[in-house]
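The residues making up each chain are set out below.
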Amino acid sequence: MAGVEIGGLSTVYPNGVRAVDGLDLGVVDGELFALLGPSGCGKTTLLRTIAGLEQATDGKVLIGGRDVTREQPGSRGVAMVFQDYALFPHMTVAENIAYPLRVRRAPKARQREVAERTAAGLSLSGLLDRRPGQLSGGQQQRTALARAVAVEADVLLLDEPLSNLDARLRLEARTFLKRLQRELALTTVFVTHDQAEALALADRIAVMESGRIRQLGTPREVFQRPADTFVANFIGSTPMNLLDGVVRGDGVECVGALLPLPADLADGTPVVVGVRPEYLTVAAEGIAGRVSIVENLGVTSLVTLECAGGTLVGLTVPEQEEPAVGDALHACPAPGRLLCYGEDGLLLGAV
Amino acid sequence: MTPAWVVRRIGLYVLVAVVLAFFAVPVLWLASAPFDARPGLGLRWPDWTFANVATTFRHPYAVTSLVNSVLLCVVATAVTTVSAALAAYSLSRVRIPGRDALLYLLLLLSSVVTGTAAMVPIFVLMLQLGLIDSRFGTALVIAGGMLPAAIFILKDFVDSVPRSYEESARVFGASPGQVLGHVVLPVARPGVATILVWSFVNAWGNFLLPFLLLRDVGKQPAAVLLRTLQDEGGSADLAVIPVFSLLYSIPVVVLYLFVSKRYGFRFHGGIKS
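Chain B goes by Carbohydrate ABC transporter membrane protein 2 (CUT1 family) in an unreviewed UniProt entry, where it is assigned to Umezawaea tangerina. Turning to chain B, the UniProt record has this under Sequence similarities (unreviewed entry): "Belongs to the binding-protein-dependent transport system permease family." Under the UniProt heading Subcellular location (unreviewed entry), the note attached to chain B is "Cell membrane".

As recorded in an unreviewed UniProt entry, chain A goes by Carbohydrate ABC transporter ATP-binding protein (CUT1 family) and comes from Umezawaea tangerina.

All names here are of chain A. If you walk across this open sheet you meet the 5 strands as β15-β19-β16-β17-β18, and the pairing is antiparallel. Lying at the two open borders of the sheet, with one neighbouring strand each, are β15 (280-283) and β18 (312-318). Pairwise comparison of adjacent strand axes, ignoring direction, gives a mean angle of 50° for this sheet. Pairing analysis gives 4 bridges linking β15 to strand β19 (residues 328-333), with the strands arranged antiparallel.

Residue and element names in this part refer to chain A. For Thr-187, the location among the structural elements is in strand β8 (residues 187-192). Among the residues examined, Thr-187 registers a relative accessible area of 0% and is labelled buried. A distance of 2.9 Å separates the side chain of Thr-187 from the backbone nitrogen of Gly-30, its partner in a polar contact. Discounting chain neighbours no more than four positions away, the residues touching Thr-187 are Ala-2, Gly-3, Val-27, Val-28, Asp-29, Gly-30, Glu-31, Asp-154, Val-155 and Leu-156.

Another point: the packing of aromatic side chains. Counted under the stated rule, the structure contains 12 aromatic pairs over all chains. Consider the rings of Phe88(A) and Tyr165(B), whose centres lie 6.3 Å apart with planes at 85°: the pair is edge-to-face. Linking Phe88(A) in the loop between β6 (78-81) and α2 (93-97) with Tyr165(B) in helix α7 (residues 163-171), this pair reaches from one chain into another. You'll find Phe88(A) and Tyr165(B) in the same group, each marked buried. Among the aromatic side chains, those forming a connected cluster through ring pairs are Phe35(B), Trp45(B), Trp48(B) and Phe50(B). The side chain of Arg142(A) reaches across the aromatic face of Phe176(A), ending 6.0 Å from its centre.

Residues and elements named next belong to chain B. Here chain B is partitioned into domain 1 (3-49) and domain 2 (60-262). Computed over C-alpha atoms only, the centres of domain 1 and domain 2 are separated by 34 Å. With 8 residues of domain 1 in contact, the opposing surface of domain 2 contributes 8 residues. Both sides together, the interface formed by domain 1 and domain 2 hides about 580 Å², and carbon and sulfur atoms give 86% of it. For the interface between domain 1 and domain 2, the tally reads 0 residue pairs in polar contact (both at pLDDT 80 or more).

Turning our attention to the interface of chain A and chain B. One frequently used descriptor of interface size is the decrease in accessible area upon assembly of the parts. Listed per partner, the contact involves 28 residues of chain A and 21 residues of chain B. Both faces considered, chain A and chain B share a buried interface measuring about 2,300 Å² in area, 62% of it formed by carbon and sulfur atoms. Our enumeration of links across chain A and chain B arrives at 1 salt bridge. Across the salt bridge formed by Glu167(B) and Arg48(A), the nearest N and O atoms sit 2.6 Å from each other. Along the contact surface separating chain A from chain B lie 7 residue pairs in polar contact (both at pLDDT 80 or more).

Residues and elements named next belong to chain A. On inspection of all chains with the given rule, the structure shows 3 cavities of 30 Å³ or more. Approximately 60 Å³ is the volume found for the largest cavity. Lining the largest cavity, in full, are Leu-32, Leu-156, Leu-158, Leu-177, Leu-180, Gln-181, Leu-184, Leu-186 and Thr-188. Breaking the lining of the largest cavity down by element, the ones donating at least two residues are β7 (155-159) and α6 (167-184).

This paragraph deals with unusual backbone geometry. All names here are of chain A. Phi angles above zero are rare outside glycine, and Ser-123 is one such case at about 45°. Mapped onto the elements, Ser-123 comes out in the loop between α4 (108-121) and α5 (137-150). With a phi close to 45°, Ser-210 is a non-glycine residue in the positive phi region. Among the structural elements, Ser-210 can be located in the loop between β9 (204-209) and β10 (212-217). Residue classification places Ser-210 among the partly exposed positions, given a relative accessible area of 48%.

Here we take up the pattern of salt bridges. Where charged atoms of side chains with opposite charge meet at close range, the side chains can pair. All chains considered together, the criterion is met by 20 salt bridges over all chains. Note that Arg48(A) is salt-bridged to Glu54(A), the shortest N-O span being 2.9 Å. Several salt bridges converge on common partners, so that one network encompasses Asp36(B), Arg38(B), Arg44(B) and Asp47(B).

Cut-offs applied
Residues numbered from 1 in each chain as written. Chains lettered and ligands numbered in written order. Predicted model: local features only at pLDDT ≥ 70, side-chain atom pairs only at ≥ 80, totals over all residues. Heavy atoms only, no water. UniProt positions renumbered as here; feature names shortened; annotations may be inferred. Pairing = 2+ DSSP bridges. Helix = DSSP H or I, 4+ residues; strand = E, 2+ residues; numbered from the N terminus. Axes fitted to C-alpha atoms, helices over the stretch in contact; angles between N-to-C directions. Buried < 20%, exposed > 50% of the residue type's maximum accessible area, 1.4 Å probe, protein only. Polar contact = N/O pair within 3.5 Å; in protein donor to acceptor, adjacent residues only side chain to side chain. Contact = heavy atoms within 4.5 Å. Phe/Tyr/Trp six-rings, centres within 6.5 Å; stacked < 30°, edge-to-face > 60°. Lys NZ or Arg CZ within 6 Å of the ring centre and 35° of its normal. Domains from an automatic or database assignment. Buried area = accessible area lost by both parts, 1.4 Å probe. Salt bridge = Lys/Arg side-chain N within 4 Å of Asp/Glu carboxyl O. 1 Å grid on protein atoms, 1.4 Å probe; cavity = no way out; pocket = protein on both sides within 12 Å on 5 of 7 lines; lining within 4 Å. Points joined across faces, edges and corners; volume = space filled by probe spheres on them.

Shown next as structure tokens:
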């Protein structure tokens, strides 16, 4: 059991790409930590640098307080599950799970015993003598997890652990993964490009872009108070409304409506107002617009309003209350859920 | 069942029969002629006898040449397979500038140059190295000719083995030797087996190189000896040739069956990559 400390870490590829750029990060012991970002943001490279599969160009990686920056992957006390699971096709499930012990030349009987015990914990008991090619996607994923937890590693690294599963299985695997992590209390870092997965699983999330961390916080913080417009855009299953506005007195003039101002700003300052569709409700006053599209999301519907100047504003309404296309209505932000960003894209405040 | 259809069918079957006969007759000859008291070049039901076998084994060079063939092929195959496996693995895994150009150049030169065109330079080279009439030297030249193609085929094979297998093993603490022994070789085994059989068969049938480089009849392999199996009058020695041909064809078939059963020319298949 150990935490991971990363200080000033840079990883530069031979072709000159700075995949990780002077990054600082602390993962607490026993935490389930998500590295979230769009593809190419450096999250997988960061994970591989922690594992030792990529050489850090600069900076330090500490696992459990020990500097492992120059250590070989095998001596860092990490276990890893790859995106394609990397199960050895010529070995059975039992041999795959026990492989870390085989490397350490543990006796055959002990290998089998550990494989059986681990497999039982991950509902793989009946499959020990099969080969990976004969398993379903979910079983392969659990086998890869079993192999990673068969030896007591200090840190578990997961590269896109759920991305190779189909949608329904992914939800089951997500719950399973979270429970497994809780039971083992194993420090876990996982990489994902799916914001819903990160929000659902992680204790804390680091949102990454171009090799840097844009925001680090709990899922709630990241969802409710995105630190900048990039994070605001990236997090949330329906895209956040980001509307241009101008400070007028003690409010913000935004698509024809005067909204409360969260920070003390000079008159005439241009700002970006951010509000999630989920935090907008139909009200007597607020942003006025005409319904142009209604999309059914199940329990709610996403309504797109066409407002003054052609600006599009999304809001969700409960089922049974969908307006008809062409209706005119007002959308009002819920208290405390209106975010205000400066021109540089950084959060100024919320009200 | 129009008349035209019937005619087309008959035409097709006649064609198939002719093609089948073209391939089947030599094989049937190989099965019957060795045990025929009066073997000819035609195909007929034999008067069973083992006299030809005895005659063949009494021939001064028949058995020696088969032993020579085995020797040549084992050395050439071993050199080709081991070198090609190592070269293919490093070419597949290590980034070398101009790697692809190098590979294509190798393949191109080997297929264009090493044929008959290179015989004189190779002969002179071997002469100066003092390797004329050396079975080992000849095996090396044969291996050298096969290497580029072998590397090319194997590299393609290793390329299809996901890198994450090796990385996964490394994360679990495997040393480079363990990565090779536990993961890379077993996964690449069908590819190596393919190269093994391919290079053996190629070396087994190679006539030109041993014919030029081995002057001593006692060192020549079966492929070369077969040409010289004549009686005093200069006509084909039909007592020895059928049995010798049969013996000559057995190792390749046995090797194929053995490797196919033991290692299998199949690929386990990567998992969702």
